[in-house]
Amino acid sequence: MKRFLYELPSYLFSIIEGILIFIIGYYLIQLDYDQILFIMVTFMLVRKNAEKPCHYKSLVKCIAFTLIIFGFLFIVAKINFTISLVITVVAANMLTEKGDIRDTFEHFNRGKEKKYIYIEKYIENHKESIEVKEFEQMLKEISNKYKDKYKVNFFEIYKLKFQDKKSQDKIIEESNLKTRHEVINVLDMIAVMFYSYMNLKNLDEELTKIS
């Protein structure tokens, strides 16, 4: 019951959004109701099954973008329903993390991942060292102190990424983080703390020599 009440606003928003989409399709674009429902169901099923869907945090932006997308799909459907279905599938997939267009440029951004690779390899080679143990303890203390402010357990994410070597998708599954963007933000914060700690210990040069 608690879960239902917690998610009730989301259900109400989805219902209102669905009604507005139907109004646009039926009254403005003047499609048959079965065509409207077919496009809507296809879009929702593809998003649900492809990967985690992307959302705007702002409700206004979310509903505006959704209405624009469906308005376009309905206009295409008025001309050619088959083409509209193809575009619906493509658009729905693009609006998931699996279809995130930023992934297209992943190859060109691999240099940025070095900051994580250095940490992973250093921890792998020195996991029993005093320095690594001290850093992990410091991270635990930071996590406990700021867990209410940042709503994240830094040590948990550190362990998943640098000890268990989980992918970003696995980190999302096993933590309270919801998107890759959130995972990257937390990993960046951990990386800054780790490099700062290594600098204080005068070990930063040794860290960057790892290959």
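Because the structure is a prediction, the values reported are computed rather than measured.

(A) Focus on the overall build of the protein. A tally of regular secondary structure across the protein gives 10 helices and zero strands. Of the regular secondary structure in the protein, the N- to C-terminal order runs α-α-α-α-α-α-α-α-α-α. For the protein, the residues scored as buried account for 34% of the 211 residues in total. Within the protein, contacts between residues at least 6 apart in sequence are counted, and of these 68% link residues at least 24 apart. With an accessible surface of roughly 14,100 Å², the protein has 61% of that area assigned to carbon and sulfur atoms.

(B) Just the packing of helix α6 (residues 130-150) against helix α7 (residues 154-163), in detail. Running from N to C, α6 and α7 cross one another at 135°; their axes reach a closest spacing of 7 Å. As judged from the angle between their axes, α6 and α7 are oblique. In this structure, α6 contributes V132, F135, E136, L139, K140, I142, S143 and Y150 to the contact, and α7 contributes F154, F155, Y158 and Q163. Split by residue class, the contact of α6 with α7 holds eight nonpolar, two polar and two charged.

(C) Quick look at the environment of D32. Among the secondary structure elements, D32 is positioned in the loop between α1 (2-28) and α2 (33-50). With relative accessibility at 48%, the residue D32 sits in the partly exposed group. In this structure, the C-alpha to C-alpha distance between D32 and K78, residues 46 residues apart in sequence, is 9.5 Å.

(D) Quick look at a nonpolar patch on the surface. A contiguous nonpolar patch, built from L12, I15, I16, I19, L20, I23, Y26, Y27, L28, Y33 and L37 and spanning about 1,100 Å² of accessible area, is present on the exposed surface. Contributions of two or more residues to the nonpolar patch are made by α1 and α2. For the nonpolar patch, the leading source of residues is α1, giving nine residues.

(E) Focus on the pattern of salt bridges. Summed over all chains, the structure comprises seven salt bridges. With a shortest N-O distance of 3.2 Å, R180 and D169 are connected by a salt bridge. Residue R180 is found in helix α9 (residues 180-200), and its partner D169 is found in helix α8 (residues 168-174); the two are separated by 11 residues along the sequence. With a relative accessible area of 18%, R180 lands in the buried category. E173 serves as the salt-bridge partner of K170, at 3.7 Å between the closest nitrogen and oxygen. With K170 and E173 both in helix α8 and three residues apart, the pair spans about one turn of that helix. Using a relative accessible area of 39% as the deciding quantity, one classes K170 as partly exposed. Classification of E173 as exposed rests on a relative accessible area of 55%.

Each value, and the rule that gives it
Residues numbered from 1 in each chain as written. Predicted model: local features only at pLDDT ≥ 70, side-chain atom pairs only at ≥ 80, totals over all residues. Heavy atoms only, no water. Helix = DSSP H or I, 4+ residues; strand = E, 2+ residues; numbered from the N terminus. Buried < 20%, exposed > 50% of the residue type's maximum accessible area, 1.4 Å probe, protein only. Contact = heavy atoms within 4.5 Å. Areas by Shrake-Rupley, 256 points an atom, 1.4 Å probe, with all protein chains shown as cover. Axes fitted to C-alpha atoms, helices over the stretch in contact; angles between N-to-C directions. Parallel < 35°, antiparallel > 145°, perpendicular 65-115°, else oblique. Nonpolar A, V, L, I, M, F, W, Y, C, P; charged D, E, K, R; others polar. Patch = residues over 30% accessible without salt bridge, like charges linked within 9 Å, V, L, I, M, F, W, Y side chains within 5 Å. Salt bridge = Lys/Arg side-chain N within 4 Å of Asp/Glu carboxyl O.

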